[in-house]
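Next come the chains, spelled out residue by residue.
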Amino acid sequence: MSHLSDRTTPGPDDSPATLLGPTSLVLGIVGALGICPPLMLFPLTLLAGALAVTFGLAGVHYARRGVGRMWPAVTGTVLGAAGFVYPWLLLMVML
């Protein structure tokens, strides 16, 4: 006979919001790596950067409420912003 655990309701650490910061961090790294001249991948850099900023800001929102961690969300947001803004600045300079 198997016993169920005492806890049957999800806790604050079981929320999908806990993954917003790490997801933002990974996408921010991809976006920041895309600005490296040999890897200049504009569509991937723009998409990864935009998603990193979106997920990062949502992660900061939830981290302030005690769900998830603040540092991956903030780092992912900053790297994502760099990955999103840099290609646009480069295009403006080239024109």
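Attention in this report is confined to the structure presented alongside it. Each chain has its residues counted from 1, following the order in which its sequence is written. In keeping with the model being predicted, local features are shown solely for residues with a pLDDT of at least 70 and side-chain atom pairs are shown and tallied solely at 80 or more, while totals for entire chains, interfaces and linings include all residues. Note: side-chain values were computed over all heavy atoms of the structure, leaving out hydrogens and water.

1. Points about the environment of Gly83
Using the following cut-off: Counting from the N terminus, the helices are the DSSP runs of H or I reaching at least four residues and the strands are the DSSP runs of E reaching at least two. A simple rule labels every residue: compare its accessible area, found with a 1.4 Å probe on the protein chains alone, to the largest value its type can have, and call it buried under 20%, exposed over 50%, or partly exposed in between. Contacts between residues were defined by any pair of non-hydrogen atoms, one from each residue, lying within 4.5 Å.
Within the element layout of this structure, Gly83 appears in helix H3 (residues 70-94). A residue is classified by how much of its surface remains accessible, and Gly83, at 0% relative accessible area, is buried. Note: C-alpha distance between Gly83 and Ala48 (35 residues apart in sequence) is 7.5 Å. Ignoring any residue separated from it by four or fewer positions in sequence, one finds Gly83 in contact with Gly31, Ala32, Ile35, Thr45 and Leu46.

2. Brief notes about the environment of Gly49
Mapping Gly49 onto the fold places it in helix H2 (residues 42-64). Expressed as a C-alpha distance, the spacing of Gly49 and Gly83, which sit 34 residues apart in the sequence, is 4.9 Å. For Gly49, the contacting residues outside a window of four places in its chain are Gly80 and Phe84.

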